[in-house]
Each structure stands twice: as C-alpha cells, then as structure tokens.
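Reading the structure
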Amino acid sequence: LPEGVGHTAFNYLKGRDSLPISCQPKAGRALLFCNLDEAGEADVLTSHQATAVPGAYTKWGMNVWVSDSSQQAFAFTDSTHKLRE
C-alpha cells in the first residue's frame, strides 16, 4: 500500500508525540498486542480500527486469537460447521 494509507489505528493509545499510535501494514509483518489488562479484563485502550485504502488497492488482514484457555465453548456453529471434539 502507498505510504500513509491502510494503517491500524489505536485512537486511545498515544505515542511519545501525544498522537494516537498507528501501524502501517507491510507484507511479511505482523502486529501483535494483548487486549486484556493485568486483571484479565478487556482493555479498552486497545480498541483499534483499520483506516481506509484507496479504491485501486485492497488490504488483507488475518486475525489469530491466542489464549491460555480453551475458547471452544464460544465457537459459532451451524449445520455446516461443527465443533471438533
């Protein structure tokens, strides 16, 4: 993507310059952050959004959720997608 577009913006987290933290996408890189606070509760400061990309470009993303406990009970299922035991 061209410089300045398609960032992941963390509007509640401020950098050294007091501006919101924004991460530019780059092929082969990953953005990893913990969205829980020390008590294990959701950390609203990690709320984030993808910024727009021009019409001629496409931004692809992938989420990988890492947990220290099973999340299988929270999986969505329907007639075509069944939980694996």
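Up top is the structure these notes are about.
Notes on the structure in this doc start here. (Residues numbered from 1 in each chain as written. Predicted model: local features only at pLDDT ≥ 70, side-chain atom pairs only at ≥ 80, totals over all residues. Heavy atoms only, no water.)

**Some remarks on the layout of surface pockets**
Volume-wise, the largest pocket comes out at about 1,400 Å³. Forming the boundary of the largest pocket are 36 residues, of which L31, F33, M62, N63 and V64 lie nearest the centre. In terms of residue class, the lining of the largest pocket is made up of 17 nonpolar, 14 polar and 5 charged. (1 Å grid on protein atoms, 1.4 Å probe; cavity = no way out; pocket = protein on both sides within 12 Å on 5 of 7 lines; lining within 4 Å. Points joined across faces, edges and corners; volume = space filled by probe spheres on them. Nonpolar A, V, L, I, M, F, W, Y, C, P; charged D, E, K, R; others polar.)

**Some details on the sheet that holds strand β3 (residues 49–50)**
The sheet built from 3 strands is open, its strands ordered β2-β1-β3 with antiparallel pairing. Two strands bound the open sheet, and with one partner strand each, they are β2 (20–23) and β3. Sheet topology note: the strand β1 (residues 8–14)/β3 ladder contains 2 bridges and is antiparallel. For T8, the partnering residue across the bridge sits in β3 and is A50. (Pairing = 2+ DSSP bridges. Helix = DSSP H or I, 4+ residues; strand = E, 2+ residues; numbered from the N terminus.)

Take it as geometry only, folks, not as evidence of what the structure does.
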